[in-house]
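# Coordinates in review
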Amino acid sequence: MDAIHVSAVGARRFLAVRHMLAPARSQAAGPDGVRAVFERLGSIQFDPLAVAGRNHDLVLHARVRDYDPVWTAELLYGTRELFETYNKMLSILPSSELPWHRHTWSRFRRIHRDDAFLRHREAMEHVLERIQAEGPLTSLDFERSGKVSWYWGPTTEVRAILEALWEAGIVSLDRREGNRRYFDLTERVFPPELLGDERPEREQLRHKMRSRYKAHGLLGASGEYTLWYGLGPAHKLRPQDPPGTPTRAELREELLADGEIVPVAVEGVRGPRFVLSEEADDLRAVAATADADEPLRHPSVTFLAPLDPLAWDRDLLRSLFDFDYVWEVYVPQAKRRWGYYVLPLLWGDRLVGRIEPRIDREAGAVRVLGLWWQDGFSPRRADGFVEAMRAALAAYARFGGVRRIDWGDLTAAKRLFGVRPRA
């Protein structure tokens with residue numbers, strides 16, 4: 001299949017547009033706006049850290065007007081239109097996708113069957129009996145138990161068992177209260193027709209591979225391991241892989257052969273990228289506007305979440321956007337270049353800087369701990385940027401439920417952007 005050839009600026013513009021970020025916060029307020037984002041991206045990564053807003057909420061805030069996290073919570077725990085599972089790490093997906101992600105449950109059942117479920121059989125049976133009798137429970141609802149060694153570190157036996165049962169699909173998430181998880185039996189969380197829809201494992205893996213291209217829009221064939229989490233080896237089976245496990249290369253070739261993805265050659269980017277076949281014409285059309293020097297309509301400023309699908313491929317950020325981004329939450333403080341929880345700043349189809357905000361509800365403010373610009377970018381000289389940045393700050397303050405921006409020692413930024421956000 002012949003590759004689509006696009007310029008670098010055309011590829012950047014396509015990604016900004018197809019990610020619903022040109023303009024930002026353009027989807028309708030309310031649950032329908034959230035649904036529209038999931039329909040486009042398919043999968044949004046979950047992370048519990050909430051110093052600047054949880055990752056999935058930041059992803060949705062960037063795209064949905066006046067976004068309220070309550071809307072997503074209702075779709076997760078009220079109508080059950082969304083659910084949590086492992087896709088690209090822990091993710092939120094439409095519940096209709098569950099049949100194509102049962103492989104994750106099967107894989108963890110194999111892992112835990114001869115290990116945790118044997119070593120902690122008595123505790124497992126006790127946990128399941130209580131949930132069966134009492135309904136959704138959290139680890140705090142059980143008597144204290146001793147510490148056990150788990151793959152993230154020492155934890156209580158009950159918490160480890162609940163985690164193993166959830167990974168294996170025996171229990172499912174009923175709801176979260178903050179980051180406290182309540183679990184119920186899976187058959188009481190999902191309808192029987194959904195649980196009864198079982199797909200062949202290879203079909204599930206192929207669908208999961210396609211979901212990565214759907215979420216990002218222009219992924220390649222390689223990159224950091226988290227891009228391909230849960231999809232097996234790249235080219236050659238490993239000792240732990242069951243016989244017959246397809247490699248990622250095989251799955252990708254099947255998607256290409258069936259015309260589900262199309263190769264793309266991007267100016268200045270090594271190796272092929274791939275676009276969903278149904279988005280190929282959009283790529284050509286959007287790239288053509290960029291090549292004709294047509295201005296991007298309604299450029300806006302967006303605070304990108306650290307795990308936003310647009311930011312998944314750090315190598316592409318460097319080669320296409322000339323932007324080196326490391327999420328430094330796991331970097332020792334002394335070695336951090338920027339800060340603990342820093343968000344990239346997207347202006348139209350360019351990454352122009354970084355901001356480190358903190359939502360301080362007790363003080364009623366967003367505290368800005370740092371603001372950095374890319375070399376060569378001047379916010380004063382970029383036509384329309386200052387007003388767009390003020391609009392983004394005001395929207396973010398509303399998202400955080402606060403009424404002012406605290407700039408601290410950033411006096412130059414305060415003079416430039418320091419208007420009081422509208423309520």
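Presented here is an overview of the structure given in this document. Computed from a prediction, not measured in an experiment: that's the story for all the values here.

Across its full length, the protein carries 16 helices and 15 strands. Taken over C-alpha atoms, the radius of gyration comes to 23 Å for the protein, in line with the 22 Å a tight globule of 423 residues would show. In terms of principal-axis extent, the alpha carbons of the protein reach across some 65 × 55 × 40 Å. When each of the 423 residues of the protein is scored for burial, the buried share is 55%. Restricting the contact set of the protein to residue pairs at least 6 apart, pairs at least 24 apart contribute 63%. As displayed, the protein offers around 19500 Å² of accessible surface, 49% of which is attributable to carbon and sulfur atoms.

A few words on the nonpolar core. By size, the foremost hydrophobic cluster in this structure holds 105 residues, and its most contacted members are Phe303, Met389 and Phe417. When residues in this core are grouped by element, the largest group, nine residues, is from helix H15 (residues 385–400). With sequence-adjacent residues up to four places away left out, Phe303 is seen in contact with Ala62, Leu343, Pro344, Leu345, Ile355, Met389, Ala392, Leu393 and Tyr396. In terms of nonpolar packing, the next biggest core, distinct from the first, is built from 15 residues, Ala215, Leu219, Ile261 and Phe274 among them.

Another point: the pattern of salt bridges. According to the stated counting rule, one finds 35 salt bridges in the structure shown. A salt bridge links Arg175 to Asp174, with the nearest nitrogen and oxygen atoms 2.9 Å apart. Relative accessible area serves as the criterion here: at 26%, Arg175 is assigned to the partly exposed category. The closest approach of N and O atoms between Asp258 and Arg206, which form a salt bridge, is 2.7 Å. Of this pair, Asp258 sits in the loop between helix H12 (248–257) and strand E9 (261–266) while Arg206 sits in helix H11 (residues 201–216), and the two are 52 residues apart along the sequence. One continuous salt-bridge network, built from bridges that share partners, spans Arg202, Arg206, Arg210, Glu254, Asp258, Glu260 and Glu278.

A few words on the sheet that holds E9. Hydrogen bonds along the backbone pair up the strands of a sheet, which may run parallel or antiparallel. The strand order across the open sheet built from three strands is E1-E9-E10, with neighbouring strands paired in mixed fashion. The sheet terminates laterally at strand E1 (4–6) and strand E10 (273–276), the two strands that pair on one side only. Taking each pair of neighbouring strands and ignoring which way they run, the sheet shows an average axis angle of 40 degrees. Sitting on the sheet, H12 touches E9 and E10, and the angle it makes with E9 is about 100 degrees.

This next bit is on unusual backbone geometry. A cis amide bond links Ala22 with the next residue in sequence, Pro23, at an omega value of 5 degrees. Relative to the helices and strands, Pro23 resides in the loop between helix H1 (8–18) and helix H2 (31–41). With a phi angle near 50 degrees, Arg25 is a residue other than glycine that sits in the positive phi range. Counting through the fold element by element, Arg25 comes out in the loop between H1 and H2. With a relative accessible area of 17%, Arg25 lands in the buried category. Look at Asp293: it is not a glycine, yet its phi comes out positive at around 60 degrees.

So, about the pairing of strand E4 (residues 89–94). Buried residues dominate E4, accounting for five of its six residues. Where strand E2 (residues 44–45) meets E4, two bridges bridge the pair, whose relative direction is antiparallel. The partner of Ile44 across the bridge, within E4, is Ile92. In sequence, strand E3 (residues 82–87) turns back onto E4 through a hairpin of one residue.

All of the buried residues along helix H14 (residues 314–321) are Arg314, Leu316, Leu317, Leu320 and Phe321. Axial view of H14: buried residues confined to an arc of 155 degrees, hence all on one face. Those residues of H14 hidden inside the fold are in contact with H1, H11, E9, E10 and strand E13 (350–360). Two to three positions downstream of the cap, the backbone nitrogen of Asp315 sits 3.2 Å from a side-chain oxygen, assigning the N-cap of H14 to Asp313. Positive backbone phi, approximately 55 degrees, marks Asp322, located one or two places after H14.

Right, let's get into the packing of H2 against helix H4 (residues 69–78). Running from amino to carboxyl end, H2 crosses H4 at an angle of 70 degrees, the nearest separation of the two axes being 9 Å. With respect to their mutual orientation, H2 and H4 come out roughly perpendicular. Contact residues: H2 offers Pro31, Val34 and Arg35, while H4 offers Trp71, Thr72 and Leu75. For the contact of H2 with H4, the class distribution of residues is four nonpolar, one polar and one charged.

So, on to the side chain of Arg12. Tracing the backbone through its elements, the reader meets Arg12 in helix H1. Buried within the structure, Arg12 lacks any salt-bridge partner; its nearest side chain of opposite charge belongs to Asp349, at an N-O separation of 4.9 Å. Engagement of the side chain of Arg12 in a polar contact is seen with the backbone oxygen of Leu320, the distance being 3.1 Å. With near-sequence residues (within four places) excluded, Arg12 lies in contact with Leu320, Phe321 and Asp349.

The rules behind the values
Residues numbered from 1 in each chain as written. Predicted model: local features only at pLDDT ≥ 70, side-chain atom pairs only at ≥ 80, totals over all residues. Heavy atoms only, no water. Helix = DSSP H or I, 4+ residues; strand = E, 2+ residues; numbered from the N terminus. Rg over C-alpha atoms; globule rule 2.2 N^0.38 Å. Buried < 20%, exposed > 50% of the residue type's maximum accessible area, 1.4 Å probe, protein only. Contact = heavy atoms within 4.5 Å. Areas by Shrake-Rupley, 256 points an atom, 1.4 Å probe, with all protein chains shown as cover. Core = buried A, V, L, I, M, F, W, Y, C linked by side-chain atoms within 4.5 Å. Salt bridge = Lys/Arg side-chain N within 4 Å of Asp/Glu carboxyl O. Pairing = 2+ DSSP bridges. Axes fitted to C-alpha atoms, helices over the stretch in contact; angles between N-to-C directions. Arc of directions from axis to C-beta. Polar contact = N/O pair within 3.5 Å; in protein donor to acceptor, adjacent residues only side chain to side chain. Parallel < 35°, antiparallel > 145°, perpendicular 65-115°, else oblique. Nonpolar A, V, L, I, M, F, W, Y, C, P; charged D, E, K, R; others polar. Lys, Arg positive; Asp, Glu negative; His and termini not counted.

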